[in-house]
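# A structural walkthrough
Chain residues, written in single-letter form:
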Amino acid sequence: MESRNKGELSHSHEGAEIRTMPRDSVGEEEEEEDDKGTLLSWEVILPDELLQKILSLLPIANIIKLSIVCKRLYEVVHSFPPLSWAMMAPQKPLFFRSCFKDCAFSGIVYDPCLFRWCNFDFPRLEKGIWCTSSSCGLVCLMNPNDGSRLLVGNPIKRDWKQLPQVPACSFPHYNALALSFDRRTRGYTVVVAKCSRTQQLPGKSKQWHLSVHVYQSTTKSWVTPFAQDLGLWIGSYEAVICDGVLYYFMSHQDLTTPHLIAFNLMKPPSSIQSLLQESIPAPYPLICTGLINLSNKLVMVAMKDDWPHEGVVILELEDKTWREVAQMPISMYKDLRCKYLIWCCGAGDFLFMHASMWSVPLTLDMRQKVWKWSSHPYLEQLDFCNRPESLFYCGFCFEPRLDVSS
């Protein structure tokens, strides 16, 4: 399974063109004049919009493969503005994992539709460690070292765009990133929640400060609708946007369970007290390893670390109440837990989980409740002892779409 064009998603595919070739005249009688000629191929006859509608019924891997067959198909696949890609058949999310190449942000992608891995890279992005958030085909990358440099783009179309620098503190203790794409307006919202420790007075407990920064693609600028001291409440790395609401996890040094706050982006709260009054406590002590928007449902992947009830559970928020919908098999949990931290991402009906010291991901089909390892020879041979950057880097997933751009 080799790629014919660097950076393109690659899978095997049979002939991409349907042609009627002229017969070989050697050793055969002459055809009558009316029968001579070559029939045009279907991609030449059909108009762009109809051709896109036909291609939109294929898996994304086959569409990308067809785009390198000829110039016409390339132009149809990569046309802007898109004609019919909004009618694409639903696509399962792809999972990207870095391969730690020297000169580029490169790696491999797992396709749960075809159960295959393939090479994939971002040639215009330098190698680095990134926080990520994705929505409807777009991905936002943030450099966590300073929390101010952000890129937004469609990995399939590779149209990366750098956003203006995030205001306020550049080196917070906790950086949470969330991205939301609006299919109706074709615009997107990026939210960065920064939690930093305030100046500590002698004999006083640690105090924290939270600032929420919102970027709208329509205005192309940042606003800071919320910036207040939290007291003894502490922020986190976990945030997600569902139906215009930013969900963000916070904890308190005197409480055993973390709390989920709901921040309405259209009507920001006036004070931290009003946020905490409406906060949703976790059902029991746990470690949140991922807040994910799955088909407009808020899902939390959480780890229970209290023996004998340890394990990973999948919780779904319903009417401000957490409901357990799945539990990771204990054998799989032990394989992941022994590899240090667990990271999670997801889209549609799929969840991807992997450990920071072991890059082989574990997938969960939420609809069928099927757990599956997705191994790859390269991942199995990684030597993490000699790659310290992998301790902090996690893979990410995204929906493969051709109708969205940054």
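Overview of the structure. What you are looking at is a predicted structure, and each value in this text was computed from that prediction instead of being measured.

## Focus on the sheet that holds strand S6 (residues 150-153)
The 4 strands are arranged S4-S5-S6-S7 in an open sheet whose pairing can be described as antiparallel. In this open sheet, the two edge strands, each paired with only one partner strand, are strand S4 (131-135) and strand S7 (161-162). Sheet topology note: the strand S5 (residues 138-142)/S6 ladder contains 4 bridges and is antiparallel. Opposite Met142, over in S6, you have Leu150 as the bridge partner.

## Let's talk about helix H6 (residues 330-337)
Those residues of H6 that fall on the buried side of the exposure criterion are Met332, Tyr333 and Leu336. Buried residues in H6, looked at end-on, bunch into an arc of 100 degrees, giving them a common side.

## Side note on the nonpolar core
Formed by 24 residues in total, the largest nonpolar core has its most connected members in Leu55, Phe96, Leu141, Ile156, Phe396 and Phe398. Listing elements by their share of this core, those giving two or more residues are helix H2 (48-55), helix H3 (60-66), helix H4 (71-77), strand S1 (94-98), strand S3 (116-122), S5 and strand S25 (396-398). Counting 23 residues, the second largest nonpolar core, distinct from the first, contains Ala193, Trp208, Ile234 and Ala239.

## A closer look at the sheet that holds strand S8 (residues 174-181)
With respect to topology, 4 strands assemble into an open sheet ordered S8-S9-S10-S11, the strand pairing being antiparallel. Of all the strands in the sheet, the pair left with one neighbour each is S8 and strand S11 (221-231). Strand-to-strand twist of the sheet, defined as the mean angle between neighbouring strand axes without regard to direction, takes the value 15 degrees. Pairing between strand S10 (residues 208-216) and S11: 8 bridges, direction antiparallel. Counterpart to Tyr215 in the pairing with S11 is Trp222.

## Section: the pattern of salt bridges
Enumeration over the complete set of coordinates arrives at 7 salt bridges. We note a salt bridge from Glu399 to Arg183, for which the minimum N-O separation is 4.0 Å. A residue pair is termed long-range when its members are at least 10 positions apart, and Glu399 in the segment after S25 and Arg183 in the loop between S8 and strand S9 (188-197) qualify at 216 residues. With its nearest N and O atoms 3.1 Å apart, the salt bridge here joins Arg323 to Glu316. Classification of Glu316 as buried rests on a relative accessible area of 9%. In this structure, a network of salt bridges that share partners links the residues Arg186, Arg401 and Asp403.

What counts as what
- Just so you know, the residues in each chain are numbered from 1, in the order the chain's sequence is written.
- Given that this is a predicted model, residues contribute local features only at a pLDDT of at least 70 and side-chain atom pairs are listed and counted only at 80 or more, while totals for whole chains, interfaces and linings are drawn from all residues.
- Excluded from the side-chain calculation are hydrogens and water; included are all heavy atoms of the structure.
- At least two DSSP bridges between two strands are needed for those strands to be called paired.
- Runs of E in the DSSP output that reach at least two residues are strands. Runs of H or I that reach at least four are helices, and both are numbered from the N terminus.
- We call a residue buried when its accessible area falls under 20% of the maximum for its residue type, exposed when it is over 50%, and partly exposed in between, using a 1.4 Å probe and counting protein chains only.
- Throughout, the arc means the angular range of directions from the helix axis out to the C-beta atoms.
- Only buried residues count toward a nonpolar core, which is a set of Ala, Val, Leu, Ile, Met, Phe, Trp, Tyr and Cys residues joined through side-chain atoms within 4.5 Å.
- Structural elements are reduced to axes, namely lines fitted to C-alpha atoms, with helices fitted over the stretch in contact, and the angle between N-to-C directions of any two is expressed from 0 to 180 degrees.
- We define a salt bridge as a contact between a side-chain nitrogen of Lys or Arg and a carboxyl oxygen of Asp or Glu at a distance within 4 Å.

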